[in-house]
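Chain residues, written in single-letter form:
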Amino acid sequence: DAKTTQPTSMDCAEGRAANLPCNHSTISGNEYVYWYRQIHSQGPQYIIHGLKNNETNEMASLIITEDRKSSTLILPHATLRDTAVYYCIVREFGNEKLTFGTGTRLTIIP
Amino acid sequence: GAVVSQHPSWVICKSGTSVKIECRSLDFQATTMFWYRQFPKQSLMLMATSNEGSKATYEQGVEKDKFLINHASLTLSTLTVTSAHPEDSSFYICSARDGLGYTFGSGTRLTVV
């Protein structure tokens, strides 16, 4: 089971911030939240991950709610190259597997 | 950053033949690698976990005799699709553990004719 719920699709204007929500209401204390994206016909690309604190790297920011039941991936200045399917994944610490859900198809509009 | 190389990127084979796909970790050692399959417009489905020096662990519903996995070294795992049929046509993707994260290969598009 994927353990996460994401909107099927979203649009965002080029240059604006893209905010992608993810619901993981059954998350437990030792489960990490990972975000990957997949551009058409390529392997998934790592974006960011976190446990309970907000995280930021050169690609994106990850905001995790205090109760950890949901999170938001923020792409601060979306470009056309950010058009992809974005996957939010919950992984239990000690469990090696990454189980993908259906993801959100993000389309950046010029 | 960590790089996983997957080869070939695409292959066309005749029905009944076998196809081998390689997955290499280029700049790190990977005791564990994973194999996924992705059909058009669908998400990635985990097929099996490949463990260096031991047998792979297959997900429910995946035929281990059809999808042979070998992980003979810390940098190489191979997936062999045996007696391929048109329904095996898919996008196969490998990944490897890299610290707390996972690095994915670029995928192999298999077409069985």
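As a reminder, the structure under discussion sits directly above these lines.
Reading the values: rules and limits
- Residues numbered from 1 in each chain as written.
- Chains lettered and ligands numbered in written order.
- Predicted model: local features only at pLDDT ≥ 70, side-chain atom pairs only at ≥ 80, totals over all residues.
- Heavy atoms only, no water.
- Disulfide = S-S within 2.5 Å.
- Helix = DSSP H or I, 4+ residues; strand = E, 2+ residues; numbered from the N terminus.
- Buried < 20%, exposed > 50% of the residue type's maximum accessible area, 1.4 Å probe, protein only.
- Lys, Arg positive; Asp, Glu negative; His and termini not counted.
- Salt bridge = Lys/Arg side-chain N within 4 Å of Asp/Glu carboxyl O.
- Polar contact = N/O pair within 3.5 Å; in protein donor to acceptor, adjacent residues only side chain to side chain.
- Pairing = 2+ DSSP bridges.
- Axes fitted to C-alpha atoms, helices over the stretch in contact; angles between N-to-C directions.
- Contact = heavy atoms within 4.5 Å.
- Buried area = accessible area lost by both parts, 1.4 Å probe.

## Some words on the state of the cysteines
Residue and element names in this part refer to chain A. Going through the model one piece at a time under the given rule, you end up with two disulfides over all chains. Across a sulfur-sulfur distance of 2.1 Å, cysteine 22 and cysteine 88 are joined as a disulfide pair. Disulfide cysteine 22-cysteine 88: torsion about the S-S bond near -80°, hence left-handed. Linking cysteine 22 in strand β2 (residues 18–23) with cysteine 88 in strand β8 (residues 84–92), this pair joins segments that are 66 residues apart in sequence.

## Details of the side chain of arginine 91 of chain A
Residue and element names in this part refer to chain A. Secondary-structure assignment places arginine 91 in strand β8. Nearest to the buried, unbridged arginine 91 among oppositely charged side chains is glutamate 96, at 5.6 Å. Among the polar contacts listed, one links the side chain of arginine 91 to the side chain of tyrosine 34, at a separation of 3.2 Å.

## Points about the pattern of salt bridges
Going through the model one piece at a time under the given rule, you end up with six salt bridges over all chains. Ionic pairing is found between aspartate 82 of chain A and arginine 37 of chain A, a salt bridge with its closest N-O pair at 2.8 Å. Here the residue aspartate 82 of chain A occupies a position in the loop between β7 (70–75) and β8, and arginine 37 of chain A occupies one in strand β3 (residues 31–38), the gap between them amounting to 45 residues. Arginine 37 of chain A carries the same exposure label as aspartate 82 of chain A, and that label is buried. Lysine 66 of chain B is paired through a salt bridge with aspartate 88 of chain B; the nearest N and O atoms lie 2.8 Å apart. In this pair, lysine 66 of chain B is assigned in the loop between β6 (57–58) and β7 (67–73) and aspartate 88 of chain B in the loop between β8 (76–81) and β9 (90–98), connecting sequence segments 22 residues apart. This pair shows no difference in class: lysine 66 of chain B is buried, exactly as aspartate 88 of chain B is.

## Thoughts on the sheet that holds β7 of chain B
Residue and element names in this part refer to chain B. Strand order in the open sheet formed by four strands is β1-β3-β8-β7, and the pairing between neighbours is antiparallel. Because the sheet does not close on itself, it has two edges, and the strands there are β1 (4–7) and β7. The mean angle between the axes of side-by-side strands here comes to 15°, regardless of whether they run parallel or antiparallel. As paired elements, strand β3 (residues 19–25) and β8 share six bridges and run antiparallel to each other. Among the inter-strand pairings, cysteine 23 is bridged to a residue of β8, identified as serine 77.

## A look at the interface of chain B and chain A
One widely used convention gives an interface's size as the accessible area the parts lose upon coming together. If you look at the interface, chain B gives 20 residues, while chain A gives 19 residues. When chain B packs against chain A, close to 1,500 Å² is buried across both sides, 51% of that on carbon and sulfur atoms. Inspection of the region where chain B meets chain A yields two salt bridges. Among the salt bridges present, the one from arginine 97 of chain B reaches glutamate 96 of chain A, with a minimum N-O distance of 2.6 Å. The interface formed by chain B and chain A includes nine residue pairs in polar contact (both at pLDDT 80 or more).

## Structural notes on the environment of arginine 37 of chain A
All names here are of chain A. Assessed through its relative accessible area of 10%, arginine 37 is described here as buried. The spatial distance from the C-alpha of arginine 37 to the C-alpha of tyrosine 86 is 4.2 Å, given a sequence separation of 49 residues. Once residues within four sequence positions are removed from consideration, arginine 37 is found in contact with Gly43, Pro44, Gln45, Ile47, Met59, Arg81, Asp82, Ala84, Val85 and Tyr86.

The analysis is restricted to geometry; functional conclusions fall outside its scope.
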